[in-house]
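# Structure at a glance
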Amino acid sequence: QVQLVESGGGLVQAGGSLRLSCAISGSSFSIAAMGWYRQAPGKQRELVAVVTSGGAATYADFVKGRFTISRDNDKNTVYLQMNSLKPEDTAVYHCNARIKTAWYMNWSDYWGQGTQVTVSS
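Here the structure is a predicted model, which means the values were calculated and not measured.

## A short note on the pairing of strand β3 (residues 18–25)
In the sheet, strand β1 (residues 3–7) pairs with β3 via five bridges, with the strands oriented antiparallel. Looking at the pairing, L4 lines up with I24 of β3. Sheet analysis places β3 next to strand β8 (residues 77–82), joined by six bridges and oriented antiparallel. Residue R19 lies in a different strand from β8, and its bridge partner there is Q81.

Here it is as structure tokens:
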């Protein structure tokens, strides 16, 4: 039973910083990639950043230079350091991981419950 548990969301003023964490737990699994997505009320979910288990990172244009994604493979944890936050960053942020629980299985996407990030003016 793979679970993704997120933490670190909250209320911050514009220009401030937050650090999101997502810990992945389970009996046995392999991770191909981990990432963060966000969804504002009434809007589509959008990719924020993704990092492979090998460390290659990809960012959405609207966060380049402000956000940094990182991971600890030993701890099965992915982080999102968010600096210079803007009101338009306000959204529910969801952790995602592409996982398989046995070598012969296909990769499947798992999602965290989401954590609210609110940036005030």
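## What about the side chain of H94?
Positionally, H94 belongs in strand β9 (residues 91–100). What H94 contacts, discounting residues up to four positions off in sequence, is E6, G35, W36, Y37, W111, G112, Q113 and G114.

## Brief notes about the sheet that holds β1
Within the open sheet, the four strands sit side by side as β1-β3-β8-β7. Their pairing is antiparallel. Two strands lie at the open edges of the sheet, namely β1 and β7 (67–72), each paired on one side alone. Direction aside, the axes of adjacent strands within the sheet are offset by 15 degrees on average.

## Some points on the packing of aromatic side chains
This structure, assessed with the given rule, holds two aromatic pairs. Ring plane angle 85 degrees and centroid distance 5.7 Å describe the contact between W103 and Y104, whose orientation is recorded as edge-to-face. The exposure class assigned to W103 is exposed, which follows from its relative accessible area of 74%. Residue class for Y104 comes out exposed when judged on its relative accessible area of 61%. Above the ring of Y79, the side-chain terminus of R19 is found at 4.3 Å from the ring centroid. Cation over ring: R45 sits above W111, and NZ or CZ is 3.9 Å from the ring centre.

## Observations regarding the pattern of salt bridges
Think of it this way: side chains of opposite charge can pair up when their charged atoms draw near. Going through the model one piece at a time under the given rule, you end up with five salt bridges. A salt bridge links D89 to R66; its shortest N-O distance comes to 2.8 Å. Pair noted here: D89 is in the loop between β8 and β9 and R66 is in the loop between β6 (57–59) and β7, with a separation of 23 residues, a long-range link. As far as burial versus exposure is concerned, D89 and R66 are alike and both buried. The partner of D109 in a salt bridge is R98, with the nearest N and O atoms 3.1 Å apart. With D109 in strand β10 (residues 108–111) and R98 in strand β9, this residue pair connects regions lying 11 residues apart in the sequence. The class for R98 is partly exposed, based on a relative accessible area of 40%.

## Quick look at the nonpolar core
Judged by nonpolar contacts, the single largest core of 30 residues is most densely connected at I24, W36, L80, M82 and Y93. Elements with a contribution of two residues or more to this core: β3, β4 (30–39), β5 (46–52), β7, β8, β9 and β11 (115–120). Examining the composition of this core, we find that five residues originate from one element, β9, more than from any other. Setting aside chain neighbours within four positions, we find I24 in contact with V2, Q3, L4, F29, I31, M34, N76, A97 and I99.

About the criteria used
- Residues numbered from 1 in each chain as written.
- Predicted model: local features only at pLDDT ≥ 70, side-chain atom pairs only at ≥ 80, totals over all residues.
- Heavy atoms only, no water.
- Pairing = 2+ DSSP bridges.
- Helix = DSSP H or I, 4+ residues; strand = E, 2+ residues; numbered from the N terminus.
- Contact = heavy atoms within 4.5 Å.
- Axes fitted to C-alpha atoms, helices over the stretch in contact; angles between N-to-C directions.
- Phe/Tyr/Trp six-rings, centres within 6.5 Å; stacked < 30°, edge-to-face > 60°.
- Buried < 20%, exposed > 50% of the residue type's maximum accessible area, 1.4 Å probe, protein only.
- Lys NZ or Arg CZ within 6 Å of the ring centre and 35° of its normal.
- Salt bridge = Lys/Arg side-chain N within 4 Å of Asp/Glu carboxyl O.
- Core = buried A, V, L, I, M, F, W, Y, C linked by side-chain atoms within 4.5 Å.

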